[in-house]
Amino acid sequence: MLQLVHRSDSFLIRIGLLIVCLFAIAGCSNSSAPGQPAVPAASTTETPAAPSTSATIAVKDAYGTVQVPASPAKIVVLDIGALDNLLALGVAPVGAPSILSPGDPFPKYLTGAEGIQNIGTVNEPNLETIDSIKPDLIIGNKDTHDQIHDKLTQIAPTVFVESLGVTWKDNLLVHAQAVNKAEEGKKLLEEYNQKIAELKGKLDKLPSKPQISLFRPREDKIQIYSNHTFSGTILADAGLERPAAQQIDSFSKDVTEEQIAELDAEVMFWFSRDDSFYAKLQKNPLWGTLHAVKANSIHQVDWETWMSGLGIQAVNSVLHDLNKHLITS
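A.B. asks: Would you mind going over a negative patch on the surface with me for this structure?
C.D. replies: A contiguous patch of negative charge on the surface is contributed by Asp143, Asp146, Asp150 and Glu162. Its location among the elements puts Asp150 in helix 5 (residues 149-153).

Encoded structure:
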């Protein structure tokens, strides 16, 4: 009898130890590995991971879509329109060209161009200089730089607009997108449209809206600039009419001294890098017969803005001149 009780007690002890082990194993299975936080219950809602940000953005240019740095630090521009626009957007390139000769100062109407390295000229940028700068973004235009596009893309991501001048509005938006300032670019264009609306309102209050002549005296000819030019687009936006002889579909029209009657209008604007031919024009007997000359309504304007600026700051300078000579004069 005592032996049976002893065996029973031993059996019960073993059963108890087994139950304790089972509980211990269950507890371990609900615990984390050493050094790791506890595994949450299945019903707990997990916090989604933060979205990852890309180091590049996509920009559509004259060749397709280009991946460029989201925050470019060293930008080289190949034309004055891009230099103008980037400075207006608060972005200073590290390299930019002169208009005529390597090393010439940048256009005087631009502010913030101090310290920018010269890379040659618009027509002949120096590839070795550009490469030595180690830019992370290059901005140019297909019209002027198509032949070196492939070489430039080997140096850095390259964004090219199609052409300059008449497409300056589209170019501004592309330039703004390339430096990740698309909204700022749109705002600059909205401000321009507002200024145009204000100018048109002032012109509508004049007794009559004057016809405008726009031309450039050159070494041996006179070049009439149409509305298919940089400054011509601004005149067209303002609703300013051109004389019949200047309503042409091409960029410009060449006339001789004997054809200066085609320059005639109520107001004449002219610009030139060399004033010598203009001085010769004034000696022509036909010059004094022009209406604008008789009315003293002929104005020389800055070629750096009206002809070669090609960016939003140059645009605003042209608008300033139009207000000055058509409204307040």
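There is more to say, and it comes next.
A.B. asks: Explanation requested: the pattern of salt bridges in the structure shown.
C.D. replies: Note on pairing: side chains with opposite charge can pair once their charged atoms come close. Overall, the coordinates contain ten salt bridges when judged by the stated rule. Lys209 is the partner of Asp204 in a salt bridge, and the nearest nitrogen-oxygen pair spans 3.4 Å. For Lys209, a relative accessible area of 35% puts it in the partly exposed group. The residue Glu257 makes a salt bridge to Lys280 at a minimum N-O spacing of 3.3 Å. Residue Glu257 is found in the loop between strand 10 (252-255) and strand 11 (267-270), and its partner Lys280 is found in helix 9 (residues 276-281); the two are separated by 23 residues along the sequence. Exposure remark for Lys280: the relative accessible area of 44% places this residue in the partly exposed category. Among the charged side chains, a network of salt bridges with common partners joins Lys108, Asp302 and Glu304.

A.B. asks: Honestly, the sheet that holds strand 10 in this entry has me stumped. Any pointers?
C.D. replies: The strands making up a sheet associate through backbone hydrogen bonding, with each pair oriented either parallel or antiparallel. In space, the five strands of this open sheet follow the order 10-9-8-11-12, with mixed pairing throughout. Two strands in the sheet have a free side with no partner beyond their single neighbour: strand 10 and strand 12 (298-300). In this sheet, adjacent strand axes meet at a mean angle of 30 degrees when their direction is disregarded. With four bridges connecting them, strand 8 (residues 212-217) and strand 11 associate as parallel partners. Bridge assignment links Phe215 to a residue of strand 11, and that residue is Trp270.

Conventions used here
Note on numbering: residues in each chain are counted from 1, in written sequence order. Totals for whole chains, interfaces and linings use every residue, but because this is a predicted model, local features are given only for residues with pLDDT of at least 70 and side-chain atom pairs only at 80 or more, for both listing and counting. As a convention, hydrogens and water are excluded, and side-chain values are obtained from all of the structure's heavy atoms. Surface patches are defined over residues having more than 30% relative accessible area and no salt bridge, joining like charges when they lie within 9 Å and nonpolar side chains (Val, Leu, Ile, Met, Phe, Trp, Tyr) when within 5 Å. Accessible surface area values rest on a Shrake-Rupley calculation with a 1.4 Å probe, where residue burial reflects the displayed protein chains alone. Any carboxyl oxygen of Asp or Glu within 4 Å of a side-chain nitrogen of Lys or Arg constitutes a salt bridge here. Asp and Glu count as negative and Lys and Arg as positive, but His and the ends of the chain are not part of the count. Where a charge sits is defined by one atom per residue type, namely NZ (Lys), CZ (Arg), CG (Asp) or CD (Glu). Under the DSSP-based scheme used, a helix requires at least four consecutive residues in state H or I and a strand at least two consecutive residues in state E, with every element numbered from the N terminus. Each residue is placed in one exposure class: buried if its accessible area under a 1.4 Å probe, protein chains only, is under 20% of its type's maximum, exposed if it is over 50%, and partly exposed if it falls in between. Here, strands pair whenever DSSP counts at least two bridges between them. Note on definitions: angles span 0 to 180 degrees between N-to-C directions of axes, and those axes are lines fitted to C-alpha atoms, for helices only across the stretch in contact.

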